[in-house]
Number of protein chains: 2
Amino acid sequence: MAPRAASKTAESSDKVSVICRALRRAIIEQALEPGAKLPEDSLGERFGVSRTIARHALGQLAAEGLVELRRNRIAVVATPSWQDARDAFDVRIQLERLVVRQLAGKLTKVQIEELNAHVDAEDRARGGSDPVSIRLATEFHILLAHMTNSPILIRYVSEIAYRCCLTLSLFSRPHSSECAINEHRAIIAALIKGDEEKVMSLMHSHLDSVAGRALVSPVPQRGRDLLDILAPYAEAAEGGRVVKLPKAVRGR
Amino acid sequence: MAPRAASKTAESSDKVSVICRALRRAIIEQALEPGAKLPEDSLGERFGVSRTIARHALGQLAAEGLVELRRNRIAVVATPSWQDARDAFDVRIQLERLVVRQLAGKLTKVQIEELNAHVDAEDRARGGSDPVSIRLATEFHILLAHMTNSPILIRYVSEIAYRCCLTLSLFSRPHSSECAINEHRAIIAALIKGDEEKVMSLMHSHLDSVAGRALVSPVPQRGRDLLDILAPYAEAAEGGRVVKLPKAVRGR
DNA sequence: TGCGCACGAATTGCATGCACTTTGATGCGC
DNA sequence: GCGCATCAAAGTGCATGCAATTCGTGCGCA
């Protein structure tokens, strides 16, 4: 009942967290596509800090699953597998059911206004550029999570929402989030009404349908991991020796 | 269905992850109590690495919520509030329901043996020292999570299980996990039988009762944050001036 | 033309150094 | 004896430097 102070999630120093926020945003707005390289030097230079700090930021983002870090290799924006995406949505549904259960009937007037304002912003952005509307849709869920005042819930929901958002840029059809806004409005209405069961099932089906629209096929449209895509062909060609890829393709 | 490779969760270089593992274990075995100081120098010296690496490890653990990092201050083992603990268990219950739902009826013979072996180990440790049996109980849940082969689930369940374990060392009565072993056995049995609903409710009530045993009162038994514990007394004494603590107590 | 190899550039892994902040202890005034 | 200012010791924040590894490109060879 008593409101607790919202504690900052790790993110020690400001410089590091600034970089993290910037990169997170760039990633979910698809300015940085999955697989994009993130060299420490460039990041440091871009943000006016040393490699040490950039490195630390990359470490944090890797812990969140947005960045992939392999020893002695340039960090890249994560490229989750289709199965990862499914798992992420499964977990996400449970977490967000928890969120709305806690929130049902307990929203303050200010919070309701905040939510409405956010959905209005989503509405306005609908005609605008894709990346922004995707980000806003994601941030709606994060906003809800913040209202629980539960640091753990906030952290996990934010993290997983970002990751789901990232997978959208991999697997989703060109555009598929138009109707989400109405579903957001419906959730707000149910939250105000205070029916726990109703709002939980609304959130559940909302996320289900987002996942459904997004994860239409287990095959990525965008030509990310070429080697994996070509794997079946290589197997089919077996009987000869292993198919060797020309360097131009292997590289990137 | 197809088994996926278990991906390492961030934890870039080996040196860092070794330190993380060591500290995690020390923390959940209560060799390091909540509030214990973790100076970068000492860690580095102890593990034969530079401050840079120790620092990075602390960053990771802070991201997991096991360590608290405040600017310009020595890192300390996290001291979750009672409310944090409640929230953690709420989330944990949902996540672990998901785990056992995915696992119900799908365990391989090897996995069953592995689980039985683990519970046997718990049994053997029962008479032994407390910290080890607590760790084993926690690791049972982590072992289950691993069997889902879902990196996200593995990461979140591990993380939150460690955190819950940490709170146990703060709030739990001297010893309270005796009967957990039988509950673990029951869960294994239900998993083998394959009844999703049954195993989910078993896990739910198991964690509920662990939480219930642990979080008996919103007041910590152990004398952590002295100032907070004394706050009510100070208030009661109001009318005079603010009660000032002698230095010996204030310090640590 | 296509493939392999080797070398230079780019990049990471890690330690160390310096500046700044916090800590806590000592000594002084009351 | 108690409180407070002052100062050294300890610790963190961050950048930089060097070694090791990877990446990419051009050359030689089939």
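Nothing here was measured: the structure is a model prediction, and the numbers come from that model.

A. Seen up close, helix 5 (residues 109-126) of chain A. Between the first and last C-alpha of helix 5 of chain A there are 26 Å, a value that for 18 residues agrees with the 26 Å anticipated at 1.5 Å per step. Of the residues making up helix 5 of chain A, those classed as buried are A:Gln111, A:Ile112, A:Leu115, A:His118, A:Val119, A:Ala121, A:Glu122 and A:Ala125.

B. Here's a closer look at the interface of chain B and chain A. Each partner contributes to the interface: chain B provides 34 residues, whereas chain A provides 33 residues. Roughly 2900 Å² is buried in total at the junction of chain B and chain A, and carbon and sulfur atoms are behind 58% of that figure. The largest share of the area that chain B buries against chain A comes from B:Gln94, B:Ile152 and B:Tyr156, three residues that together contribute 21% of it. In this assembly, chain B and chain A are joined by 2 salt bridges. Taking the shortest distance from any N to any O, the salt bridge between A:Arg155 and B:Glu159 comes out at 2.0 Å. For the pair chain B and chain A, the number of links is 8 residue pairs in polar contact (both at pLDDT 80 or more). When contributions to the side of chain B that touches chain A are tallied by element, the ones reaching two or more residues are helix 3 (51-64), helix 4 (82-103) and helix 7 (151-171) of chain B. By residue class, the composition of the side of chain B that touches chain A is 13 nonpolar, 9 polar and 12 charged.

C. Up close: helix 2 (residues 40-47) of chain B. All names here are of chain B. Within helix 2, the full set of buried residues consists of Glu-40, Leu-43 and Gly-44. Projected onto a plane normal to the axis of helix 2, the buried residues spread over an arc of 100° and lie on a single side. In helix 2, the exposed positions that point more than 90 degrees away from the buried face belong to Glu-45 and Arg-46. Just downstream of helix 2, Gly-48 is the residue with a positive phi angle, here 65°.

D. Looking closely at the relation of the copies chain B and chain A. For these two chains of identical sequence, chain B goes onto chain A by a turn of 180° and a shift of 0.0 Å along the axis, with RMSD 0.1 Å. Taken together, these values place the two copies in the relation of a two-fold axis. Closest approach to the rotation axis among the C-alpha atoms of chain B is made by B:Gln94, whose C-alpha sits 3.2 Å away. Interface residue correspondence from chain B to chain A reaches 97%, placing this contact among same-surface, isologous pairings.

Thresholds applied
- Residues numbered from 1 in each chain as written.
- Chains lettered and ligands numbered in written order.
- Predicted model: local features only at pLDDT ≥ 70, side-chain atom pairs only at ≥ 80, totals over all residues.
- Heavy atoms only, no water.
- Helix = DSSP H or I, 4+ residues; strand = E, 2+ residues; numbered from the N terminus.
- Expected span 1.5 Å × (residues − 1).
- Buried < 20%, exposed > 50% of the residue type's maximum accessible area, 1.4 Å probe, protein only.
- Contact = heavy atoms within 4.5 Å.
- Buried area = accessible area lost by both parts, 1.4 Å probe.
- Salt bridge = Lys/Arg side-chain N within 4 Å of Asp/Glu carboxyl O.
- Polar contact = N/O pair within 3.5 Å; in protein donor to acceptor, adjacent residues only side chain to side chain.
- Nonpolar A, V, L, I, M, F, W, Y, C, P; charged D, E, K, R; others polar.
- Arc of directions from axis to C-beta.
- Least-squares fit on C-alpha atoms with pLDDT ≥ 70 in both.

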